[in-house]
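Overview (structure and organization)
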Amino acid sequence: LRTGIFAEAMIVRSEIPRAVLVPKSALIRHDDGAGAVFVVEGGVARKREVAAWYSSLLAGEPDLTLPAEASWARNVYWMYGVLLEDAFGCGRDAAMRLLREQGVETRAFFHPLHRQPVFERGDDPRAPDVAGAYPVSERLGRLGLYLPSGLGLTRSQVERVVEALRKCRGRG
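Residues numbered from 1 in each chain as written. Predicted model: local features only at pLDDT ≥ 70, side-chain atom pairs only at ≥ 80, totals over all residues. Heavy atoms only, no water.

Observations regarding the overall build of the protein
Broken down by element type, the protein carries five helices and seven strands. Secondary structure elements of the protein, listed N to C terminal, follow the sequence β-β-β-α-β-β-α-β-α-α-β-α. In the protein, buried positions account for 31% of the 172 residues. In the protein, of all internal contacts separated by at least 6 residues, the share reaching a separation of at least 24 is 66%. Element-wise, carbon and sulfur atoms account for 56% of the exposed surface of the protein, whose accessible area totals about 10,900 Å². (Helix = DSSP H or I, 4+ residues; strand = E, 2+ residues; numbered from the N terminus. Buried < 20%, exposed > 50% of the residue type's maximum accessible area, 1.4 Å probe, protein only. Contact = heavy atoms within 4.5 Å. Areas by Shrake-Rupley, 256 points an atom, 1.4 Å probe, with all protein chains shown as cover.)

Structure representation (structure tokens):
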């Protein structure tokens, strides 16, 4: 394990040479002696903590859509994505530029699959059928950006990102 990737790691059974890396939540039993199991603590918890900071600081912003968590699921917040609704008054690309000027690096949401050039050509029979309308995909691809969400972020850094994002409102 590289330093800084996970908050803590412990070896559950070190006497067996073969090992498997699994999150602690996936560990049920390991009695057969077929391999060692490393338990990773803290990575998901840390991501959830950073996400909770963003969510609390951005709650109630009517022109932003924040990540949701269904009652039957647990979001691991691999990345913290927000949608800049039209009322935000600054498009995604302009906001990314303004954030970069303030020292905040972001990433656009993934480009919709049906708009990937490799599939738009339609000359490969193995490619998915991308004909038709995909308004949800189009909307997410147009409005979404990922805010910094690394494991090493501090609360004050998240607060700075949020303030920088608010400064973009109405500016493009």
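What to know about the packing of aromatic side chains
In total, this model carries five aromatic pairs according to the counting rule given. Both rings, one in Tyr77 and one in Tyr80, keep their centres 6.1 Å apart while their planes meet at 25 degrees; by these two values the pair is stacked. Judged on exposure class, the residue Tyr77 and its partner Tyr80 are both buried. Of the aromatic side chains, those joined through ring pairs into one cluster are Trp78, Phe109, Phe110 and Tyr146. (Phe/Tyr/Trp six-rings, centres within 6.5 Å; stacked < 30°, edge-to-face > 60°.)

Here's the deal with a nonpolar patch on the surface
Together, Val44, Val76, Trp78 and Phe110 make up an exposed nonpolar region whose accessible area comes to about 420 Å². Note on placement: Trp78 falls in the loop between β4 (64–65) and β5 (80–84). (Patch = residues over 30% accessible without salt bridge, like charges linked within 9 Å, V, L, I, M, F, W, Y side chains within 5 Å. Salt bridge = Lys/Arg side-chain N within 4 Å of Asp/Glu carboxyl O.)

Quick notes on the sheet that holds strand β7 (residues 144–147)
Read from one edge to the other, the open sheet built from four strands follows the order β4-β5-β7-β6, with strand pairing classed as antiparallel. Each end of this open sheet is capped by a strand with a single partner; those strands are β4 and β6 (107–108). Strand direction decides the pairing type here: β4 and β5, joined by two bridges, are antiparallel. If you follow Leu64 over to β5, its bridge partner there is Leu84. (Pairing = 2+ DSSP bridges.)

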